[in-house]
Amino acid sequence: MTLPLADVSFATDGDVVVASVRGEIDLSNAGELGEAIGRRLTNEPLALVLDLTAVEYLDSAGIHVIYHLHQRLRDRGQDIRVVIAPDSVIAEALRLADVPRAVGAAETVEAALTSLRG
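The rules behind each value
- Residues numbered from 1 in each chain as written.
- Predicted model: local features only at pLDDT ≥ 70, side-chain atom pairs only at ≥ 80, totals over all residues.
- Heavy atoms only, no water.
- Helix = DSSP H or I, 4+ residues; strand = E, 2+ residues; numbered from the N terminus.
- Contact = heavy atoms within 4.5 Å.
- Areas by Shrake-Rupley, 256 points an atom, 1.4 Å probe, with all protein chains shown as cover.
- Lys, Arg positive; Asp, Glu negative; His and termini not counted.
- Charge placed at Lys NZ, Arg CZ, Asp CG, Glu CD.
- Core = buried A, V, L, I, M, F, W, Y, C linked by side-chain atoms within 4.5 Å.
- Buried < 20%, exposed > 50% of the residue type's maximum accessible area, 1.4 Å probe, protein only.

**Some thoughts on the overall build of the chain**
Right, so step 1: If you tally the helices and strands in the chain, you get five helices and six strands.
Right, so step 2: In sequence order, the chain lays out its α and β elements as β-β-β-α-β-α-β-α-α-β-α.
Right, so step 3: Overall, the C-alpha framework of the chain stretches about 30 × 25 × 20 Å when taken along its three principal axes.
Right, so step 4: Counting contacts in the chain only where the partners sit at least 6 residues apart, residues at least 24 apart contribute 70% of the total.
Right, so step 5: Of the accessible surface of the chain, which amounts to about 6,100 Å², a share of 51% is contributed by carbon and sulfur atoms.
Right, so step 6: Each charge sign in the chain was given a centre, from 10 positive and 18 negative side chains, and these centres are 6 Å apart.

Spelled out as structure tokens, the structure:
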């Protein structure tokens, strides 16, 4: 799915939805991105892996989307892991917003899947 400044693609790995985002997440597209991901989240999946390794820019609106997805999933008994490359340009912003600790993070999609199933 193509959004202004970003693309999101979806895959399923067993009982986990993997949403991979590429581009920029800001006020102009964060709401639409959150809605697009939300439409893929039925009550059936165990969790969501939100792969942000190809995101080049993220502002507070993008961080809000992550926290909103986390709350929505937690309320339904589901889980989330955010994939953040340690050397990415958005890693520091996510760390300052406490996303890795509060939401849960991994460095690769594979590590995220393992932590959800472990």
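**Observations regarding the nonpolar core**
Right, so step 1: In this structure, Val21, Ile37, Leu48, Leu52 and Leu94 are the most contacted members of the largest nonpolar core, which totals 29 residues.
Right, so step 2: Looking at this core, the elements with two or more residues in it are strand E2 (6–13), strand E3 (16–25), helix H1 (30–40), strand E4 (47–58), helix H2 (60–75), strand E5 (79–83), helix H3 (91–96) and helix H4 (99–104).
Right, so step 3: When residues of this core are assigned to their parent elements, the largest contribution, six residues, is made by H2.
Right, so step 4: Setting aside chain neighbours within four positions, we find Leu94 in contact with Leu52, Leu58, Ile63, Ile66, Ile84, Val99 and Pro100.
Right, so step 5: Formed by ten residues, the second largest nonpolar core is a distinct cluster that contains Val18, Ala47, Val49 and Leu116.

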